[in-house]
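# Descriptive structure summary
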Amino acid sequence: MAFAVSIIVGGIRIKMFIDWRISELDSTISSLVNAVAGPAGEAAFSIDPILAGRAVQGLVESRYVSSVSVVDDFGTVLFTFAKSGTKGGNSKFKIPGISWNDKRSVGLTAYGQSVGRLVVDIDDREVNESLHSIISAEVVNILLILVALAIAFTLVFYLTLTRPLSRLARTLSEFELESRDLGRVVPPKGHELDEIGSVAENFNILLSKIEKEIHQLHRTKDELGQLRVYLSSIINSMPSALVSVDNDCMITHWNKQAERNIGVPSSEAIGRHLESVVPRMAAIDGLIRKALDEKEVYSDSHQHRRKDGELLYEEITIYPLTADGVDEAVIRVDDVTDRTRLEMMMVQSEKMMSVGGLAAGMAHEINNPLAGVLGHVHNMRTRIFGDLKKNEIVAEECGIELEALRCYMERREISRMLDGIFDSGNRAAAIVANMLSFSRKSEKKHGKYDIAKLLDSTIELAANDYDLKKHYDFRMIEINREYASDIPEVVCEGTELQQVFFNLLKNGAEAMTDKEYVDEIPCFNCRIKEDYSMVVVEIEDNGPGMDIDTRKRIFEPFYTTKEVGKGTGLGLSVSYFIVKDQHGGELEVDSSTGKWTRFTVKLPLANV
């Protein structure tokens, strides 16, 4: 606006100056023409060129006149005087909007009568140049005024708007939208009530709304973080190994239990192919694809693996994620070793219960003829080798010498055969007795016993047993004792528990004869400890161990791995019955093939 006003005012000033200058020029030229009109009239009257030249000399020499002519009343040019070096004509400088009369004509008189006219040609170049210099000077003045106004306007704009806005911008740039408290914008001093102050006020209103949104976002972020930690804690505290995979079986999640079971941290597992991290999972790759394609849960409870020589059982369940846009699956791996072993023990218990009834019936049926055999063998030895008067009387009646008969039977080893029949019968009687013990609970009374003393006395008994010496030297086996202190006494039947310990020691010692030792010697590691409400006895040997099939059947009646004639297959089954049925405890076996076998006896502290 100021620039437009300045330009308009400048234009008006230029117009006024031009009009004033033209009026001044008209007045000057008119004065010069009027001054020479008298002498020029006399010269025209006398038609004297010299006199005429003198008369108009001053006019011709004027800078604004190009030529002067004296014309009579009939239009005849009497005299013409032109400025030297001037051809006349119009100037090349033209000023639009300005009209200029370039010829002036004045009547001439002499002695009271008209003698012609004085015609003056004006040199408009001088006029236009004069006017142009005026216009140029005024334009320069206008430009200077405009520059001054521009500088002033810029300074005012900077002081009143640019600098306050810059300060406001610096203030705004210092705000951190991530902060929970944004603070408020203070307008520059002196601008509290103007537009800058209004901008600051409106921005503070906007900041208040943003601050509320930020508080809500932070609250939501904190809640999501807590929820994430909570869910992560739940997942990591689960006893199952949880692994999530995408459609290409690339691992996307790996919980703590998976780290413990597989031994690979999540940072190394996530982003890798499942098979490269857990090679055994290649067996269920097809099951994972099937679960993802059909969106159904699938499981495989027949997976097993070995860890440090121990056989472990796993149950693998695959859960497809059915949310929209998610094409992943969660694999849950549960260690069901204890459950599987419990199921095996339950099956074993069922077998033994069914065999128990059969054993009782068989024992009674066998016991009657066996008693007759043993009785008759006893009577035969008594009637042949016994010192009975009746034997001698009957021999004389038959005409036989008793001593000759005895000599014959000795030389024909009939007496040894009778001894063999008697020993075999007693062995069969012992088997029957074990079967009867297996088939029904003992009526013996229980008492409080020190388990450590029972185990030590059984070890001494095993070392002095004749059969053990005959097949192996038990005293050459190293005994390592690891007994915990302050083990409470256990309510049990001491003799039966010694039988259990004896069977375990005997089986272990016989098994160790089948192994060749290079850098070690045969040894038993005997441990006694307290585990909650149970006393735990472990008898571990470093023998050849046993495979999984043997472990499954080791407590079955009549199952033996010994040669024919060296074992009945009832020792461990009876031991299992004594611990499980008569004492309410547990008898377990664990083994690593070629390394060791460990039998664990668990007895409750409470009276059963």
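Only a predicted model underlies this, so the values are computations on that prediction, with no experimental measurement involved.

## Looking at the pairing of strand β3 (residues 103-110)
Of the two faces of β3, only one is covered, namely that formed by Arg-104, Val-106, Leu-108 and Ala-110; the face formed by Lys-103, Ser-105, Gly-107 and Thr-109 stays uncovered. Bridging between β3 and strand β4 (residues 113-122) involves eight bridges; their strand directions are antiparallel. Among the inter-strand pairings, Arg-104 is bridged to a residue of β4, identified as Val-120. Remark: two residues form the turn of the hairpin made by β3 and β4, two consecutive strands paired antiparallel; Tyr-111 in that turn has positive phi of roughly 55°.

## Digging into the pairing of strand β16 (residues 596-604)
Burial analysis of β16 places seven of its nine residues in the buried class, which makes it a mostly covered element. Here eight bridges tie strand β14 (residues 534-541) to β16, and the two strands are oriented antiparallel to one another. Directly across from Ile-539, in β16, lies its bridge partner Phe-599. As defined by bridge partners, strand β15 (residues 586-592) adjoins β16 across seven bridges and the pair is classed as antiparallel. Note that in β16 the partner of Ser-591 across the bridge is Thr-597.

## Looking at the pattern of salt bridges
Going through the model one piece at a time under the given rule, you end up with 16 salt bridges. The partner of Asp-419 in a salt bridge is Arg-381, and the shortest N-O contact between them spans 2.2 Å. Placement of the pair is Asp-419 in helix α12 (residues 414-439) and Arg-381 in helix α9 (residues 337-385), with a sequence separation of 38 residues. Across the salt bridge formed by Arg-527 and Glu-482, the nearest N and O atoms sit 3.2 Å from each other. Of the two residues, Arg-527 sits in strand β13 (residues 523-531) while Glu-482 sits in strand β11 (residues 478-483), which places them 45 residues apart along the sequence. Here the residues in one salt-bridge network are Glu-482, Arg-527, Lys-529, Glu-538, Glu-540, Asp-590 and Arg-598, joined through shared partners.

## Some details on helix α13 (residues 451-463)
The end-to-end C-alpha distance of α13, which contains 13 residues, comes to 18 Å, matching closely the 18 Å that a straight helix rising 1.5 Å per residue would cover. When α13 is considered as a whole, its buried residues turn out to be Ile-451, Ala-452, Leu-454, Leu-455, Thr-458, Ile-459, Ala-462 and Ala-463. The opening residue of α13, the one whose side-chain oxygen lies 3.0 Å from the backbone nitrogen of Ala-452, is Asp-450.

## Topic: the nonpolar core
One finds Ile-451, Phe-474, Phe-501 and Phe-524 to be the most contacted residues of the largest nonpolar core, which totals 40 residues. When contributions to this core are tallied by element, the ones reaching two or more residues are α13, β12 (490-492), α15 (494-512), β13, β14, α17 (571-582), β15 and β16. The greatest single-element share of this core, amounting to eight residues, is contributed by α15. If we skip the residues at most four places from it in the chain, Phe-524 touches Phe-474, Ile-477, Glu-478, Ile-479, Asn-480, Leu-505, Gly-508, Ala-509, Met-512, Ile-539, Glu-540 and Asp-541.

## Details of helix α11 (residues 402-411)
Along an α-helix, residues three or four apart share an orientation, since each turn contains 3.6 residues. Listing the buried residues of α11 in full gives Leu-402, Arg-406 and Met-409. Projected down its long axis, α11 shows its buried positions confined to an angular sector of 65°, all on one face. In this structure, α11 carries Glu-403 and Arg-411 as exposed residues pointing more than 90 degrees from its buried face. One or two steps after α11, the chain reaches Glu-413, where phi turns positive at roughly 60°.

Thresholds applied
Numbers given for residues are sequential positions, taken from 1 along each chain in its written order. A pLDDT threshold of at least 70 governs which residues receive local features in this predicted model, and a stricter bar of 80 or more applies before side-chain atom pairs are shown or counted, although totals over entire chains, interfaces and linings include all residues. Computation of side-chain values: all heavy atoms of the structure, hydrogens and water removed. Only protein chains enter the accessibility calculation, which uses a 1.4 Å probe; a residue whose area is less than 20% of its type maximum is buried, one above 50% is exposed, and one in between is partly exposed. By definition, any uninterrupted DSSP run of H or I lasting at least four residues is a helix, any uninterrupted run of E lasting at least two residues is a strand, and each is numbered from the N terminus. Paired strands, in this sense, are two strands between which DSSP finds at least two bridges. Counted as salt bridges are all cases of a side-chain nitrogen of Lys or Arg within 4 Å of a carboxyl oxygen of Asp or Glu. One less than the residue count of a helix, multiplied by 1.5 Å, gives the span that helix is expected to have. Side-chain atoms alone can form a polar contact between residues adjacent in sequence; in general such a contact is a pair of N or O atoms within 3.5 Å, and within protein one must be able to donate a hydrogen while the other accepts it. Think of a nonpolar core as a cluster: buried Ala, Val, Leu, Ile, Met, Phe, Trp, Tyr and Cys residues, connected wherever their side-chain atoms sit within 4.5 Å. Should any heavy atoms of two residues lie within 4.5 Å, those residues are considered in contact. When we speak of the arc, we mean the arc of directions from the helix axis to the C-beta atoms.

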